[in-house]
Amino acid sequence: PLILAIESSCDETAAAIVDGEGALASDVVASQIDFHARFGGVVPEIASRKHIEAICGVCDECLEVAAKNLGMKSLRWRDLSAVAVTYAPGLVGALVVGVAFAKGAAWAADVPLIGVNHLEGHLYANRIGCPDFTPPAVVSLVSGGNTMLVHMKGWGDYETLGTTIDDAVGEAFDKVAKALGLGYPGGPVISRYGVKGDPRAIAFPRAMMHSGDLRFSLSGLKTAVVTYINGEREAGRELNVPDICASFEAAVVDVQVTKAKRALDMTGARTLCVGGGVAANPVLRASYEKMCSKAGVRLVLPPLSACGDNAGMIALVALDRFRQKKFFSFDFDAKAHVNLDEPY
Ligand code: ATP
Ligand code: MG
Ligand code: FE
């Protein structure tokens, strides 16, 4: 089979085509970051509009690239075996663009339609760089909108072990970057400064690190960083941005690693994998590596290109659904919120 998957849940318009072996024949991402950066975050109305402008071109390019890679003269919608689309969670106005487009394309091409949970896509991103990866595993899902530990018992069989009670990790990176005037998105720029700083310079709080459960809290850390920045400014001291970034990252990562270890102990899983945009963070990757090698646990990481939003990860979920013949009827809607444990 050849399945085309569409992703439009936030500020990336993306399309990918997967073949029957799980290989990606094309994987196209058009980012809108430049249009949102001046507002310091994603503006939902702009996101919807930009998806509408981009989606035809992204899908055309996706079909063209796939044809070339598959050695075909051209690839038409009718040559596809199914059309898949992210239907939740995310910005509902952004999701609706992909969902409406996918419905129209699947209807016109007379092929089945598959709805995919975006968070499950982030779990499957681990399979892009590591095709032999199989559950059971604990997943540390750290993205712009979510922070959670998941017990992945099998493909499609997930138990959420704990989530953040306030901000997501990616959100904390974005808010701290904003407070430092470093622009949007915050993750990449904070990690660039962080490598030049001392992670022990400032003792930021490790909220809920020893709370005994697997929940997280990030808003207090963000406030602590902002309070520190204001204090330094009032005292007339120049900000040491690298030290602030490194110390902030250390506080985030300490908690993530401690709780992931706890989740491994609780579930008995021998594999840890990571998903979401923050999985690209070098300090987090290195710290997970250290913890896992010490614990004798296998660590699976998505390639850097597959940590943020992309359609390749959506296509891999769709291929499993296609094999199970789990198709969606054409009357389903985009949804802002959906849990990983919810059945289809
Ligand atoms: P969700 O997946 O929860 O719906 P989202 O799709 O908006 O949210 P992603 O695209 O998966 O989130 O991730 C984006 C987030 O990743 C942003 O908050 C960004 O700052 C963060 N991020 C990207 N690169 C890095 C990095 N190197 N270090 C830390 N954070 C990073
Ligand atoms: Mg994004
Ligand atoms: Fe995402």
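Residues numbered from 1 in each chain as written. Chains lettered and ligands numbered in written order. Predicted model: local features only at pLDDT ≥ 70, side-chain atom pairs only at ≥ 80, totals over all residues.

## What to know about the packing of helix 9 (residues 241-267) against helix 10 (residues 282-295)
Right, so step 1: Following both chains from N to C, one finds helix 9 and helix 10 inclined at 35°, their axes separated by 10 Å at the closest point. Regarding helix 9 and helix 10, the two cross each other, and that crossing is right-handed. Seen from helix 9, the contacting residues are E249, V253, Q256, V257, A260, K261 and L264; seen from helix 10, they are V283, L284, S287, Y288, M291 and A295.
Right, so step 2: Looking at the contact of helix 9 with helix 10 residue by residue, the classes come out as nine nonpolar, two polar and two charged. (Axes fitted to C-alpha atoms, helices over the stretch in contact; angles between N-to-C directions. Helix = DSSP H or I, 4+ residues; strand = E, 2+ residues; numbered from the N terminus. Left-handed = near helix turned anticlockwise from the far one by under 90°. Contact = placed C-beta atoms within 7 Å. Nonpolar A, V, L, I, M, F, W, Y, C, P; charged D, E, K, R; others polar.)

## Observations regarding the site of ligand 1
Right, so step 1: As a structural note, the neighbourhood of ligand 1 is formed by 25 residues, with G144, G145, G170, G187 and G277 the closest of them.
Right, so step 2: For the shell around ligand 1, the elements supplying multiple residues, two or more each, are helix 4 (118-124), helix 6 (169-179) and helix 7 (186-194).
Right, so step 3: The dominant element in the shell around ligand 1, judged by the number of residues it contributes, is helix 7, at four residues.
Right, so step 4: Class assignment of the residues belonging to the shell around ligand 1 gives a composition of seven nonpolar, 16 polar and two charged. (Near = placed C-beta within 6 Å.)

## A few points about the environment of A100
Right, so step 1: Note on placement: A100 falls in helix 3 (residues 92-109).
Right, so step 2: Look at A100 and you get partly exposed, because 15 C-beta atoms sit within 10 Å.
Right, so step 3: Sequence separation between A100 and D333 is 233 residues, and the spatial gap between their C-alpha atoms is 8.9 Å. (Buried ≥ 20, exposed ≤ 12 C-beta atoms within 10 Å, placed from the backbone.)

## Thoughts on helix 2 (residues 44-69)
Right, so step 1: Here helix 2 contains 26 residues, and its C-alpha end-to-end distance of 35 Å stays within 8% of the 38 Å for a straight helix at 1.5 Å per residue.
Right, so step 2: Among the residues of helix 2, A47, K50, H51, A54, I55, V58, C59, C62, L63 and A66 are the ones counted as buried.
Right, so step 3: Where helix 2 is buried, its residues contact strand 1 (2-7), strand 2 (12-19), strand 3 (24-31), helix 1 (33-37) and helix 3.
Right, so step 4: Backbone geometry just downstream of helix 2 places G71 in the positive-phi region, at approximately 70°. (Expected span 1.5 Å × (residues − 1).)

## Comments concerning the UniProt feature "binding site: Fe cation" (unreviewed entry) in the protein chain
Right, so step 1: In the numbering used here, UniProt assigns the feature "binding site: Fe cation" (unreviewed entry) to H118, H122 and D309. Across 192 residues of sequence, these annotated residues stay compact in space, with a maximum C-alpha separation of 8.7 Å.
Right, so step 2: Inspection of the secondary structure puts H118 in helix 4.
Right, so step 3: Given 25 C-beta atoms within a 10 Å radius, H118 is considered buried.
Right, so step 4: When sequence neighbours within four positions are dropped, the list of residues in contact with H118 reads S9, T86, A88, P89 and G90. (UniProt positions renumbered as here; feature names shortened; annotations may be inferred.)

## What to know about the packing of helix 2 against helix 3
Right, so step 1: The geometry of helix 2 relative to helix 3 is characterised by a closest axis approach of 8 Å and an angle of 20° between their N-to-C directions. When the interaxial angle is binned, helix 2 and helix 3 end up roughly parallel. Handedness of the crossing formed by helix 2 with helix 3: right-handed. Across the interface between the two elements, P44, A47, S48, H51, I52 and I55 of helix 2 pack against G93, A94, V97, G98 and F101 of helix 3.
Right, so step 2: Class assignment for the residues of the contact of helix 2 with helix 3 results in seven nonpolar, four polar and no charged. (Parallel < 35°, antiparallel > 145°, perpendicular 65-115°, else oblique.)

## Quick notes on the UniProt feature "binding site: substrate" (unreviewed entry) in the protein chain
Right, so step 1: In the UniProt entry, the feature "binding site: substrate" (unreviewed entry) is given for L141, V142, S143, G144, G145, D174, G187 and N281.
Right, so step 2: Note that L141 resides in strand 6 (residues 137-142).
Right, so step 3: Using a count of 24 C-beta atoms within 10 Å as the deciding quantity, one classes L141 as buried.
Right, so step 4: Not counting the four nearest positions on each side in its chain, L141 is found in contact with L119, H122, N146, M148, V150, G275 and G276.

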